[in-house]
Amino acid sequence: MYRYDEFDLKFVHERAEQFRGQVARRLSGELSEDEFKPLRLMNGLYLQLHSYMLRIAIPYGTLSARQLRKLAFIARKYDRGYGHFTTRQNLQLHWAQLPQVADMLVELAEVEMHCMQTSGNCVRNVTADHFAGAGKDELEDPRILSEIARQWSTLHPEFSFLPRKFKIAVSGSPADRAAIMIHDIGIQIVKNDEGEIGYRVFVGGGLGRTPFIAHEVGAFVAKRDILAFLEAVMRVYNESGRRDNIHKARIKILVHQIGPQEMRKRVEAEFAEIKKSGVLELPEEEIARIAAYFTPPRFEKLGEFCPEFEAAKRENRAFADWVKTNIAEHKAPGYAIATISLKPVGKTPGDCSSDQMDALADLMDAFHQPEIRVTHEQNLVLPYMRKKDLFALWEKLGGLELATPNHGLVTDIICCPGLDYCDLANARSINIAQEIAKRFSDLERQHDLGELKIKISGCINACGHHHVGHIGILGVDRKGVENYQILLGASGAEDASLGEILGPGFDKEGIVDAVETVIATYQDLRHNGERFLDTVRRVGASPFKEKLYAH
Amino acid sequence: MSQILTANRLQVGEVVYWNSAKGWVESLTDAEVLAEGRAEAALKGAAEWVSKREVVAPYLFEVKVLGSEVTPVKIRERIRAAGPTVRRDLGKQAG
């Protein structure tokens, strides 16, 4: 994985000390709250319902065991012994105290981490496919470009005061596991007819109060040109994005207002100008230098068929169930990718205790995993597991409440912190996720239902991605009472689309029954083996509405 | 409608409530219930505590008063007063 050089290390330590000074000036009265707020946000520090919340950047969702242990330590020493993994592959600590935050940043700097680019109107932490370097379908590790983009965007003077926040995601394969179509810039690594690797660039996706799916602005951008192209997009946005209305300031609004064709025209014109100077042309040796940091571990020469693994599946039904959902194909024969669900039934989606983090770091060492990944679906991934080790891993995970066999199933719910923690939320979301998970906890039923992605947000800002759930749930405040709207038939993957609100919302007691009705309707209507999403797309929303609002 | 003045402590972020006799208090049960005319004045007075760096982000919220029982109208304030409903071991409710 990427290692900081001397400059990086010095910089993050200086930033921590700079923030210590800013906190001291705030506490002494030298800085007002209005002056301090943008400074704390530049360091990922929010004031939430109960306390300060520190959002820690996990670039492209990759952590070493050393970093994971440090996160466990920080959460235990400075917070309440747990953290919450988010849909942008970050970690949030919800009980931080202002005088201790600089110390937390110093601790993070010691393991090459920080909280920059997790807030404010800047280019945010770049996210990537969590199967990077391991996925069987991958063309190239998306973290190489993600790291290049991170270095280009961090402290970029031209983009320090953008109209609004700016999110970039990179996918290295045709399957989109990074939700690129709902990002300000989504990049898909592609191969052209000549066999060259390049980038397909989408612009203007996003959720929130005005959701849009991104539009293609570059069908194939050569590797050497990608920074010039990204800079061109940013310049068009920086110049033409609205600053008079926070709700209309994202690039998606600009693309919608001028149209994708005009956007392409403007980007191409800017791109041509930037290219003339040649300043942003990426030298091959620099790409190779960054790529070297992401060289996968040396894989043993193993057969694809692993007798021990197959025997364990035959002999242990619970292990076989876990394998069915939580194990994905690896590019190296005899290896597999293990998804560790952070969605045990009845618990908070995405939460992980310090004890669990420490234990996972120990497992990384025991099973020779140089990295663990955070997914935008709020799970963790061990990307380089030998198949023959999977049974032993599963047994250990079981003892940590980390072997829930539900990845991609109805109980693997994406969920924002909602009104239990968040200052912006209008309704709770975690309790709804918990109740739905309890209702559908029967594993046989979950497997019968197959892939079904429920995504819940506690407000229109959509941190829980409700617009792109197979079933999306949006919590609103209806005359002081929590109310939940259902959206149907959307996806945040390669077949991305936005959901349609079915009708009037339900109270917190009624929403679980409503989800049950939607799912029962699917069971009645599905063809043999047909996924939930495919059934909804085939029959449309009407049959579901009829059942939901029959009385 | 009766109201309560609330804010967060600047240093630790903890939720606090205004009581003109006791100052900023941690528990909703110690908060002063303000009648309509006094609420706005109390909010204006909070500016002094903001400038003294005691609290940040003061605002008023509505409560229902039934006998000695004071209940925030909005669930947001009920959650702020207690802690996360999904983690009873955290926040003020944890004791």
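Definitions and cut-offs
Residues numbered from 1 in each chain as written. Chains lettered and ligands numbered in written order. Predicted model: local features only at pLDDT ≥ 70, side-chain atom pairs only at ≥ 80, totals over all residues. Helix = DSSP H or I, 4+ residues; strand = E, 2+ residues; numbered from the N terminus. Rg over C-alpha atoms; globule rule 2.2 N^0.38 Å. Buried ≥ 20, exposed ≤ 12 C-beta atoms within 10 Å, placed from the backbone. Contact = placed C-beta atoms within 7 Å. Pairing = 2+ DSSP bridges. Axes fitted to C-alpha atoms, helices over the stretch in contact; angles between N-to-C directions. Arc of directions from axis to C-beta. Parallel < 35°, antiparallel > 145°, perpendicular 65-115°, else oblique. Left-handed = near helix turned anticlockwise from the far one by under 90°. Nonpolar A, V, L, I, M, F, W, Y, C, P; charged D, E, K, R; others polar. Core = buried A, V, L, I, M, F, W, Y, C linked by C-beta atoms within 7 Å.

Asker: Go over the overall build of chain B with me, naming the residues and quoting the values.
Answerer: Counting its secondary structure elements, chain B contains 2 helices and 5 strands. Reading the helices (α) and strands (β) of chain B from amino to carboxyl end gives β-β-β-α-β-β-α. Its C-alpha radius of gyration of 13 Å places chain B within 12% of the 12 Å reference for a compact globule of 95 residues. Summarising its shape, the C-alpha atoms of chain B cover approximately 35 × 35 × 20 Å along the three principal directions. When the 95 residues of chain B are sorted by exposure, 35% land in the buried category. Taking the intrachain contacts of chain B between residues at least 6 apart in sequence as the baseline, contacts between residues at least 24 apart amount to 47%.

Asker: Explain the pairing of strand β1 (residues 2-9) of chain B to me, using residue names and the numbers behind them.
Answerer: Residue and element names in this part refer to chain B. For β1, a buried count of 6 out of 8 residues is recorded, marking the element as mostly surrounded by other parts of the structure. The pairing of β1 with strand β4 (residues 55-66) spans 7 bridges and is classified as antiparallel. Pairing of Ile4 across the sheet is with Phe61, part of β4. Across 3 bridges, β1 lies against strand β2 (residues 15-19) in antiparallel orientation. Of the residues in β2, the one forming a bridge with Ala7 is Val16. Hairpin remark: β1 followed by β2, antiparallel, with 5 residues in the connecting loop; positive phi at Gly13, about 80 degrees.

Asker: Could you give an account of the sheet that holds strand β3 (residues 62-63) of chain A, with specific residues and numbers?
Answerer: Residues and elements named next belong to chain A. The strand order β3-β14-β15-β12-β11 describes an open sheet built from 5 strands, whose pairing is antiparallel. One side of each edge strand has no neighbouring strand; the edge strands of this open sheet are β3 and β11 (327-329). Together, β11, β12 (335-340) and β15 (380-386) form the strand contacts of helix α13 (residues 390-398), whose direction differs from that of β12 by roughly 10 degrees.

Asker: Break down unusual backbone geometry for me, with residues and values.
Answerer: Residue and element names in this part refer to chain A. Residue Ala179 is not a glycine yet carries a positive backbone phi of 55 degrees. Checked against the element boundaries, Ala179 lands in the loop between β7 (168-171) and β8 (185-191). Given 26 C-beta atoms within a 10 Å radius, Ala179 is considered buried. The residue Lys479 is not glycine, and still its phi comes out positive at about 55 degrees.

Asker: Account for the sheet that holds strand β1 (residues 45-47) of chain A, with residues named and values stated.
Answerer: Residue and element names in this part refer to chain A. Read across the open sheet, the 5 strands follow the order β1-β2-β5-β4-β13; overall the sheet is antiparallel. Each of the sheet's edge strands pairs with one partner strand only, and the pair in question is β1 and β13 (351-353). Averaged over all pairs of adjacent strands, the angle between strand axes in this sheet comes to 30 degrees, irrespective of strand direction. Of the strand pairs in this sheet, β1 and strand β2 (residues 52-56) are connected by 3 bridges, and their pairing is antiparallel. Residue Leu45 lies in a different strand from β2, and its bridge partner there is Leu54.

Asker: If you had to explain helix α4 (residues 101-110) of chain A to someone new, which residues and values would you point to?
Answerer: Residues and elements named next belong to chain A. Inspection of α4 places Val101, Ala102, Met104, Leu105, Leu108 and Ala109 among the buried residues, and these make up the whole buried set. Within α4, the buried residues cover an arc of 155 degrees as seen down the axis, which keeps them to one side. Buried-residue contacts for α4 involve α1 (6-28), β1, β2, α3 (65-78) and β5 (91-96). Remark: Glu112 follows α4 within two positions and exhibits a positive phi of approximately 65 degrees.

Asker: Residue-level account of the pairing of β5(A), with values.
Answerer: Residue and element names in this part refer to chain A. The element β5 is extensively covered by neighbouring structure, given that 6 of its 6 residues are classed as buried. Where β2 lies against β5, 4 bridges are found, and the strand directions are antiparallel. Directly across from Leu54, in β5, lies its bridge partner Leu93. Two strands pair when backbone bridges link them, and strand β4 (residues 82-85) and β5 are joined in this way by 2 bridges, in the antiparallel orientation. Across the sheet, His84 pairs through a bridge with Gln92, a residue of β5.

Asker: Which residues make up the packing of α3(A) against helix α12 (residues 354-366) of chain A, and what values do they have?
Answerer: Residue and element names in this part refer to chain A. Closest axis-to-axis distance for the α3/α12 pair is 8 Å, and the angle between their directions is 165 degrees. Judged by the angle between their axes, α3 and α12 are roughly antiparallel. Relative to α12, α3 is oriented so that their crossing is left-handed. Across from Ala65, Leu68, Arg69, Leu71, Ala72, Ala75 and Arg76 in α3, the residues of α12 making contact are Ser354, Met357, Asp358, Leu360, Ala361, Met364 and Asp365. Here the contact of α3 with α12 is built from residues that sort into 9 nonpolar, 1 polar and 4 charged.

Asker: Quick rundown of the packing of α1(A) against α4(A)? Include the residues and the values.
Answerer: Pairs of packed helices are described in terms of their axes, by the angle between the two and the distance that separates them. Residue and element names in this part refer to chain A. Contact geometry of α1 with α4 gives a least axis separation of 9 Å together with a crossing angle of 180 degrees. Comparing the axis directions of α1 and α4 gives the class roughly antiparallel. Between α1 and α4, the residues in contact are Val12, His13, Arg15, Ala16, Phe19, Arg20 and Val23 and Val101, Ala102, Leu105, Val106 and Ala109, respectively. A per-class count over the contact of α1 with α4 returns 9 nonpolar, 1 polar and 2 charged.

Asker: Now, about the nonpolar core: what can you tell me, with residues and values included?
Answerer: Residue and element names in this part refer to chain A. In this structure, Leu54, Val101, Val203, Val233, Ala338 and Val518 are the most contacted members of the largest nonpolar core, which totals 188 residues. With 10 residues, the top contributor of residues to this core is helix α6 (residues 226-240). Residues in contact with Val518, not counting those within four places in the same chain, are Ile471, Ile486, Leu488, Phe544 and Leu548.

Asker: Provide a residue-level description of the interface of chain B and chain A, including the pertinent values.
Answerer: If you look at the interface, chain B gives 23 residues, while chain A gives 22 residues. Counting residues per element, the ones that place at least two in the side of chain B that touches chain A are β4 and α2 (75-82) of chain B. Examining the composition of the side of chain B that touches chain A, we find that 4 residues originate from one element, α2(B), more than from any other. Looking at side-chain class alone, the side of chain B that touches chain A contains 12 nonpolar, 6 polar and 5 charged residues.

Asker: Residues and numbers for the environment of B:Ala82, please.
Answerer: All names here are of chain B. For Ala82, the location among the structural elements is in helix α2. Under the C-beta neighbour-count criterion, Ala82 is labelled partly exposed, with 17 such atoms within 10 Å. The spacing of Ala82 and Val15 is 67 residues in sequence and 9.7 Å in space, taken between C-alpha atoms. Excluding anything up to four places from it in sequence, Ala82 contacts Gly91, Lys92 and Gln93.

Asker: Residue-level account of the environment of A:Asn43, with values.
Answerer: All names here are of chain A. By the element assignment, Asn43 lies in the loop between α2 (33-41) and β1. The spacing of Asn43 and Ala102 is 59 residues in sequence and 9.6 Å in space, taken between C-alpha atoms. When neighbours within four sequence positions are excluded, Asn43 is seen to be in contact with Phe19, Leu105, Cys115 and Met116.

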